[in-house]
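Listed here are the chains, written in short residue letters.
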Amino acid sequence: KRVAILISGGGSNMVSLVDSMTGNHPARPCLVLSNDPQASGLVKAADRGIPTAAVDHRPFAGDRAAFEAELLKPLEQAQPDIVCLAGFMRVLTGDFVSRFQGRMLNIHPSLLPKYKGLNTHARAIEAGDAEHGCSVHEVTAELDDGPILGQARLAIEAGDTAASLAARVLVFEHKLYPAVLRRYASGDRNPVLLS
Ligand code: GRF
């Protein structure tokens, strides 16, 4: 299976996914694509010998369809079987998603369906939740929705800040996403549950 990974920044989730696709793993990375030509994750991908591309979203300000038409070019050229959004911070239209429906995954730093959108760690602390975590789901037209393929759960600790909690969640993201991708690429849709 060919896996394309979309990033916006450091790409730590991308690195975890790439480094997991070795040996008898049914998938291999075929492209790392960013909406920011300066994304430092692009260098990490190139260092691992993976083809990279970038389409800066800023010149398309407001014209989402035009941006996505450009984004599609390297993506379709790479002929991915699976597309993984990994720290990708742009909202994709239903048209774009529909081209990859059923083979596009995303990782979101909350226990979905709680806390869709941004600032998830601060919101969980603010709400006084005992637990928080991250979720991998199939991408559908609705933001941070779609079938859950995996979750990792951890305790919110007294004194946690959004930053300290985010740091602990990120460690779990790096475990969860590769575990989900390995199952997904082998056709197994049973959810991965970590804690
Ligand atoms: C992190 O906040 C992570 O929780 C979310 O995207 C952000 C950057 O991730 N998935 P990455 O290091 O670029 O993978």
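Definitions and limits used
The residue count restarts for each chain, going from 1 along the sequence in the order it is written. For this predicted model, a pLDDT threshold of at least 70 governs which residues receive local features, and a threshold of 80 or more governs which side-chain atom pairs are given and counted, while totals over whole chains, interfaces and linings are taken from all residues. Hydrogens are left out, water is left out, and the side-chain values use all remaining heavy atoms of the structure. Under the scheme applied here, a residue whose accessible area is under 20% of the maximum for its type counts as buried, over 50% as exposed, and between as partly exposed, the area being computed with a 1.4 Å probe on protein chains only. Helix and strand definitions here come from DSSP, where helices need a minimum of 4 consecutive H or I residues and strands a minimum of 2 consecutive E residues; each element is numbered from the N-terminal end. Paired strands, as defined in this entry, are two strands with at least two bridges between them according to DSSP. When the strands point away from the viewer and the path from the first strand over the helix to the second turns clockwise, the crossover is right-handed. Classification of ring pairs uses Phe, Tyr and Trp, with its six-membered ring standing for Trp, and accepts pairs whose centres are within 6.5 Å; under 30 degrees between planes counts as stacked, over 60 as edge-to-face, and the remaining range as tilted. Ring-over charges, as used throughout, are those where CZ of Arg or NZ of Lys falls within 6 Å of the ring centre and within 35 degrees of the ring normal. UniProt positions are given in the numbering used here, feature names are shortened, and annotations may be inferred rather than shown by experiment. Cavity and pocket criteria rest on a 1 Å grid covering protein atoms alone: a 1.4 Å probe that fits but cannot get out defines a cavity, protein on both sides within 12 Å along at least 5 of 7 lines defines an open pocket, and an atom within 4 Å of a point defines a lining residue. We call a residue near a given molecule or strand whenever any one of its heavy atoms falls within 4 Å of it. Residues adjacent in sequence count toward polar contacts only when both atoms are side-chain atoms; beyond that, a polar contact is any pair of N or O atoms within 3.5 Å, and within protein one must be able to donate a hydrogen and the other to accept it. Using the Shrake-Rupley algorithm and a 1.4 Å probe, accessible areas are obtained, with residue cover drawn only from the displayed protein chains. A molecule is said to be in a cavity or pocket once over half of its atoms fall within 2 Å of that pocket's grid points.

**Structural notes on the pairing of strand 2 (residues 28–34)**
- The buried count for strand 2 comes to 5 of 7 residues, which makes it a mostly enclosed element.
- Pairing of strand 1 (residues 2–7) with strand 2 involves 6 bridges; the strand directions are parallel. Residue pairing for strand 2: Leu-6 is matched across the bridge by Leu-33.
- Handedness of the crossover joining strand 1 and strand 2 through helix 1 (residues 12–20): right-handed.
- Pairing geometry for strand 2 and strand 3 (residues 52–54), over 3 bridges, is parallel. Bridging across to strand 3, Leu-33 finds its partner in Ala-53.
- For the crossover that starts at strand 2, traverses helix 2 (residues 40–47) and ends in the parallel strand 3, the hand is right-handed.

**Brief notes about the packing of aromatic side chains**
- In total, this model carries 2 aromatic pairs according to the counting rule given.
- Taken together, a centroid distance of 5.6 Å and an interplanar angle of 45° make the contact between Phe-96 and Phe-100 tilted. A residue pair is termed a helical-turn pair when its members lie 3 or 4 positions apart in one helix, as Phe-96 and Phe-100 do in helix 4 (residues 94–100) at 4 residues.
- Here Lys-175 stacks its cationic end above the ring of Phe-172, 5.1 Å away from the centre of that ring.

**Notes on the UniProt feature "binding site: N(1)-(5-phospho-beta-D-ribosyl)glycinamide" (unreviewed entry) in the protein chain**
- As annotated in UniProt, the feature "binding site: N(1)-(5-phospho-beta-D-ribosyl)glycinamide" (unreviewed entry) corresponds to Gly-11, Ser-12 and Asn-13 in the numbering used here. The subset of these annotated residues that lines the largest pocket comprises Gly-11, Ser-12 and Asn-13.
- With respect to the helices and strands, Gly-11 occurs in the loop between strand 1 and helix 1.
- For Ser-12, the location among the structural elements is in helix 1.

**Focus on the site of the ligand**
- In the vicinity of the ligand, the contacting residues are Gly-10, Gly-11, Ser-12, Asn-13, Gly-87, Ile-107, Pro-109, Leu-170 and Glu-173.
- Between the ligand and Gly-11 there is a distance of 3.0 Å, counted from an oxygen atom to a backbone nitrogen or oxygen.
- The fraction of the free accessible surface of the ligand (360 Å²) that becomes covered by protein chains is 76%.
- Mapping the ligand onto the cavity grids shows that it belongs to the largest pocket.
- For the shell around the ligand, the secondary-structure elements that each account for two or more residues are helix 1 and helix 6 (162–185).

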